Amino acid sequence: MENAVVLIVGAGPSGLAMAGCLTQHSIPYVILEREDCYASLWKKRTYDRLGLHLAKEFCFLPHKTLPPDAPTFMPKHYFLRYVDEYVSEFKINPRYHRSVESAFFDEAEKKWRIEANNTLEGSMEVYSAEFLVVATGENCEGFIPSLPGLDSFPGDILHSNRYKSGSKYKSKDVLVVGCGNSGMEIAYDLVDHGARTSIVIRSPLHVLTKELVHRGMSLLKYIPVYMVDAVITMLARLEYGDLTKYGIYKPKRGPFANKTATGRSPVIDVGTIKKIQDGEIEVVSDISSINKNNVVLKNGIEKKFDAIVFATGYRSTANKWLKDYKYALNGEGMPKNSFPEHWKGEKGLYCAGLSRRGLFGVSMDAQAIANDINKLTSGIN
Ligand SMILES: Cc1cc2nc3c(=O)[nH]c(=O)nc-3n(C[C@H](O)[C@H](O)[C@H](O)COP(=O)(O)OP(=O)(O)OC[C@H]3O[C@@H](n4cnc5c(N)ncnc54)[C@H](O)[C@@H]3O)c2cc1C
Ligand SMILES: NC(=O)C1=CN([C@@H]2O[C@H](COP(=O)(O)OP(=O)(O)OC[C@H]3O[C@@H](n4cnc5c(N)ncnc54)[C@H](OP(=O)(O)O)[C@@H]3O)[C@@H](O)[C@H]2O)C=CC1
Ligand SMILES: O=C(O)C(=O)Cc1c[nH]c2ccccc12
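Definitions and limits used
- Residues numbered from 1 in each chain as written.
- Chains lettered and ligands numbered in written order.
- Predicted model: local features only at pLDDT ≥ 70, side-chain atom pairs only at ≥ 80, totals over all residues.
- UniProt positions renumbered as here; feature names shortened; annotations may be inferred.
- Helix = DSSP H or I, 4+ residues; strand = E, 2+ residues; numbered from the N terminus.
- Buried ≥ 20, exposed ≤ 12 C-beta atoms within 10 Å, placed from the backbone.
- Near = placed C-beta within 6 Å.
- Nonpolar A, V, L, I, M, F, W, Y, C, P; charged D, E, K, R; others polar.
- Domains from an automatic or database assignment.
- Contact = placed C-beta atoms within 7 Å.
- Expected span 1.5 Å × (residues − 1).
- Arc of directions from axis to C-beta.

In the nomenclature of an unreviewed UniProt entry, the protein chain is known as Flavin-containing monooxygenase of Carpinus fangiana. Quoted verbatim from the Sequence similarities (unreviewed entry) field of the UniProt record, the comment on the protein chain reads "Belongs to the FMO family."

Caption draft 1: Local environment of unusual backbone geometry. Cis geometry is found at the peptide bond from Phe339 to Pro340, where omega equals 10 degrees. Relative to the elements of secondary structure, Pro340 occurs in the loop between helix H9 (318–321) and strand E18 (349–351). A positive phi angle, near 60 degrees, is found at His97, a position not held by glycine. Summarising the element assignment, His97 is placed in the loop between helix H3 (76–89) and strand E3 (98–106). Despite not being glycine, Ser171 shows a phi value in the positive range, around 65 degrees. Position of Ser171 relative to the elements: it lies in the loop between strand E7 (156–159) and strand E8 (173–177). What makes Ser171 exposed here is the crowd of 9 C-beta atoms within 10 Å.

Caption draft 2: Structural view of the site of ligand 2. What surrounds ligand 2 is a group of 24 residues, the closest being Gly178, Gly180, Ser182, Ser203 and Gly313. When residues of the shell around ligand 2 are assigned to their parent elements, the largest contribution, four residues, is made by helix H4 (residues 181–192). When grouped by side-chain class, the residues that make up the shell around ligand 2 number eight nonpolar, twelve polar and four charged. The two domains that each donate at least three residues to the shell around ligand 2 are domain 1 (2–140 + 316–380) and domain 2 (143–310).

Caption draft 3: Region of the structure containing the domain arrangement of the protein chain. Under the domain assignment used here, the protein chain contains domain 1 (2–140 + 316–380) and domain 2 (143–310). On a C-alpha basis, the centroid separation for the pair domain 1 and domain 2 is 30 Å. Taken together, the contacts link ten residues of domain 1 with 13 residues of domain 2. The class makeup of the residues in the side of domain 1 that touches domain 2 is five nonpolar, one polar and four charged.

Caption draft 4: Structural view of H3. The terminal C-alpha atoms of H3 lie 20 Å apart, and with 14 residues this matches the ideal 20 Å at 1.5 Å per residue to within 8%. Buried within H3 we find Phe79, Tyr82 and Tyr86. Projected down its long axis, H3 carries its buried residues within an arc of 55 degrees, all on one side. For H3, the exposed residues set more than 90 degrees away from the buried face come down to His77, Asp84 and Ser88. Positioned one or two residues after H3, Lys91 has a phi angle of 50 degrees, which is positive.

Written as structure tokens, this is what we have:
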């Protein structure tokens, strides 16, 4: 058994930000990561054309600024280069191929006991830690809904986290299920590669440009959210016109109030809306069942597809391996406390990056957690 002061599970931006902050306080830590690299979501499970939707002032990690000439909206590779520099500057050395499979609070020892599968060696490793930080992310596992007849579909079925580009779908009929930021951008990419593309839109959504989101986030510093929402919704209407004829309806709450209330981001349009308006992407209603290549929609229409991309979102899985999740999380593996106290659990348990606030939220959490651990370890309560 190995002893650690702080044990961090996950070497994504949250785990790395934790490492950066703990280093500032000279607090030792160990990071366990199931994959063979850091930032594995960004490196392995995102599509090729991904760029950051939020402006650079919301997309950096604690204690390291972005280069002054960084583009306002960074491409993925630019952000990853910054992450590489972060890792070398803070000398972060995660232990790779360590999949954490169980963790519980040992009441006798008053410490966390963590078991990780060393997937390279096929052995179990045991760690004990005073503080445990869950940094496994809200995008830990791709979610695919169970639909009647899905098993009978003979073509490609993939979650958006396995989609790279539309190059192999030229002249194919592809259905994208889900119209969050992933689904909308993947639909664009498919058309760009010559696929005949349809997208399932079953609920209301806000569509904004990245410039409008940037403007809205800047305005939020000065005026209340309902005013920001009113201004930004009006500007979006001028930009896109009435989208209801394409099956796109707005939620009752404004885009920023909705983000705060539900965590759901507005769709930040990368050109998909124009392709919908031009008839290059067809919006279809929710799926009722699947029979081989035929997809039966809830409005009774039946369409044939060669492939289905499920851009139906993600789940946190921390509640599965963290046996005593109740000290910080709910049954969905998300924080049990509400924002802004969401990061702090009991008995030295914390969660970073589960506030549905992107990289900005990641940085805030890591700083708050490291400050709290610093206070506790220096005996200032
Ligand atoms: C397609 C996509 C695009 C995004 N774009 C943006 C954006 O532009 N801007 C923004 O602010 N946010 C964006 N996000 C949100 C994203 O959640 C954050 O950017 C960021 O990746 C969160 O970091 P994280 O470390 O919390 O989680 P992750 O990046 O998911 O990292 C978690 C790490 O934990 C590891 N892990 C999981 N379970 C275990 C286990 N049991 N044992 C050991 N290791 C484990 C995983 O392998 C992974 O490396 C995007 C998300 C997606 C899906
Ligand atoms: N460049 C960037 O910055 C990007 C950022 N992201 C971020 O990553 C996170 C994850 O995004 P994303 O992958 O789009 O996931 P989301 O959870 O945001 O969206 C999931 C979508 O799938 C739909 N859906 C879920 N279940 C079903 C079902 N059974 N049938 C039909 N539709 C269904 C949802 O609709 P409903 O509302 O009806 O449930 C929703 O439209 C978000 O925070 C997003 O903003 C993603 C891509 C790019
Ligand atoms: O990409 C995401 O989903 C994010 O969570 C980033 C984000 C944080 N606050 C926002 C407000 C509007 C749009 C996106 C975000």
